[in-house]
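Spelled out, the chains give:
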Amino acid sequence: MPLVTTKEMFEKAYKGGYAIGAFNVNNMEIVQGITEAAKELNAPLILQVSKGARAYANHTYLMKLVEAAVEETGLPIALHLDHGDSFEICKSCIDGGFTSVMIDASSKPFEENIEITRKVVEYAHARGVVVEAELGTLAGVEDEVNVSAEDSSYTKPEDVQEFVERTGCDSLAIAIGTSHGAYKFKPGTDPQLRFDILEEVQKRLPNFPIVLHGASSVPQEFVEKINKFGGNMPGAIGVPEDQLRQAAGMAVCKINIDSDLRLAMTSSIREYMAEHPDHFDPRQYLKPARQAIKDMVAHKIVDVLGCDGAAE
Ligand code: G3H
Ligand code: 13P
Ligand code: ZN
């Protein structure tokens, strides 16, 4: 099976009350860990590549790694550009074999967001590629994505219908309280997603796939392990998994997870290196790190996304 778009995946996910995991990939071990879990659980997959990942690993290497995963697993896999910030990067990924792109013009004024999104949609659709867009702004800091809490804003449900109609986008990322990175909520607070906004959006866009970015749950055992073995991560708090499961049963068809993979991988490597200070063969510490990614993804597929067995 070649790479697929997310069209059919999302139709089934919407009807089935589950979501597809969109996991960020940066190197071979990450691709292998994710796809081995999905293969064992017969789960459809979205592998996504950020601008930073392309700069780190190179478009062609990532493309070939994902093609290898498709060949090895036989699963329906979509290859998606995460947070494309210009028409040019979207075009480059469409021309370079991606089956889905995100144009993230969410920091721009409404009309400008519509204009750039529509331009990407026209180019993408003419080539059989689907487009995710964003309305509302998530807080959070990562390599290429950096929004302060003051500049973040919830999606306004009254805007979504006009935005989707005028742009022709295939899915919409909305801001309901998730944010990028490991520091999403203040320690000691009770994290709560805005399900009232999601419900309103769902009413105004019937059967339309919604996307949640910034959806890592930052399991404390991994933060503790990092800190136990020489790290220093203060107060990292993520999105409660039961709330993500609830969203997956609603209009949310795609849930983006990156930070949890970073935590799984880094905590494993820290533990390994602390326990084997004389080892220097990268395969020795990357093997358990790959397994940690696989375990994390398996847990997400079964307990959060609910998409196990859905890759028919
Ligand atoms: O939301 C952004 C993704 O987690 C990618 O992060 O830009 O550091 O690769 P990155
Ligand atoms: P996290 O930082 O919560 O994993 O979010 C990842 C993401 O939204 C990628 O686009
Ligand atoms: Zn994101």
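That block above? That's the structure.
Residues numbered from 1 in each chain as written. Chains lettered and ligands numbered in written order. Predicted model: local features only at pLDDT ≥ 70, side-chain atom pairs only at ≥ 80, totals over all residues. Heavy atoms only, no water.

Draft legend 1. Just the overall build of the chain, in detail. Across its full length, the chain carries 12 helices and 11 strands. Its C-alpha radius of gyration of 18 Å places the chain within 12% of the 20 Å reference for a compact globule of 312 residues. Of all 312 residues assigned to the chain, the portion counted as buried reaches 57%. Here the contacts in the chain between residues at least 6 apart in sequence split such that 77% fall between residues at least 24 apart. Surface summary for the chain: the accessible area is close to 13600 Å², and the carbon and sulfur share equals 50%. Computed over 30 positive and 47 negative side-chain charges, the separation of the two mean positions in the chain equals 2 Å. (Helix = DSSP H or I, 4+ residues; strand = E, 2+ residues; numbered from the N terminus. Rg over C-alpha atoms; globule rule 2.2 N^0.38 Å. Buried < 20%, exposed > 50% of the residue type's maximum accessible area, 1.4 Å probe, protein only. Contact = heavy atoms within 4.5 Å. Areas by Shrake-Rupley, 256 points an atom, 1.4 Å probe, with all protein chains shown as cover. Lys, Arg positive; Asp, Glu negative; His and termini not counted. Charge placed at Lys NZ, Arg CZ, Asp CG, Glu CD.)

Draft legend 2. Just the pairing of strand S1 (residues 20-24), in detail. Judged by how many residues are buried, S1 sits mostly within the fold: five of five residues are covered. Along S1, one buried face is formed by Ile-20, Ala-22 and Asn-24 and the opposite face, lined by Gly-21 and Phe-23, is buried too. In the sheet, S1 pairs with strand S11 (residues 252-257) via four bridges, with the strands oriented parallel. When the bridges of S11 are listed, Phe-23 appears paired with Ile-257. As paired elements, S1 and strand S2 (residues 45-50) share three bridges and run parallel to each other. Residue Phe-23 lies in a different strand from S2, and its bridge partner there is Leu-47. Note on the crossover from S1 through helix H2 (residues 28-41) to S2: the handedness is right-handed. (Pairing = 2+ DSSP bridges. Right-handed = clockwise from strand over helix to strand, strands pointing away.)

Draft legend 3. Inspection of the side chain of Ser-171 at higher detail. Here Ser-171 is to be found in strand S8 (residues 171-174). In contact with Ser-171, other than residues within four places in its own chain, are Phe-10, Val-131, Glu-132, Ala-133, Phe-208, Pro-209 and Val-211.

Draft legend 4. Spatial organisation of the pattern of salt bridges. Under the defined criterion, the tally for this structure stands at 18 salt bridges. Here Lys-12 makes a salt bridge to Glu-8, at a shortest N to O gap of 3.5 Å. One end of the pair, Lys-12, and the other, Glu-8, are both in helix H1 (residues 7-16), four residues apart, so they sit about a helical turn from each other. Across the salt bridge formed by Glu-40 and Lys-294, the nearest N and O atoms sit 2.7 Å from each other. (Salt bridge = Lys/Arg side-chain N within 4 Å of Asp/Glu carboxyl O.)

Draft legend 5. Local environment of the coordination of the zinc ion (ligand 3). Coordination of the zinc ion (ligand 3) by the protein involves His-83 (NE2), His-180 (NE2) and His-213 (ND1), with metal-donor separations of 2.1 Å. Sequence spacing among the residues donating to the zinc ion (ligand 3) works out to H-x96-H-x32-H. Of this pair, His-83 sits in strand S3 (residues 77-84) while His-213 sits in the loop between strand S10 (210-212) and helix H9 (220-228), and the two are 130 residues apart along the sequence. For His-213, a relative accessible area of 1% gives the class buried. (Donors = N, O, S within 2.8 Å, 3.2 Å for Na, K, Ca; no water.)

Draft legend 6. Geometry of the site of ligand 2. Residues in close proximity to ligand 2 total 17 residues, the closest being Asp-82, Lys-184, Ser-216, Asp-258 and Ser-259. His-213 is positioned with one of its side-chain polar atoms (N or O) 3.1 Å from an oxygen atom of ligand 2. Ser-216 is positioned with one of its side-chain polar atoms (N or O) 2.6 Å from an oxygen atom of ligand 2. Out of a free accessible area of 310 Å², ligand 2 has 99% covered by protein chains. Elements that contribute at least two residues to the shell around ligand 2 include exactly S3, strand S9 (179-180) and S11. Looking at the shell around ligand 2, its residues break down into two nonpolar, 11 polar and four charged. (Near = heavy atom within 4 Å. Polar contact = N/O pair within 3.5 Å; in protein donor to acceptor, adjacent residues only side chain to side chain. Nonpolar A, V, L, I, M, F, W, Y, C, P; charged D, E, K, R; others polar.)

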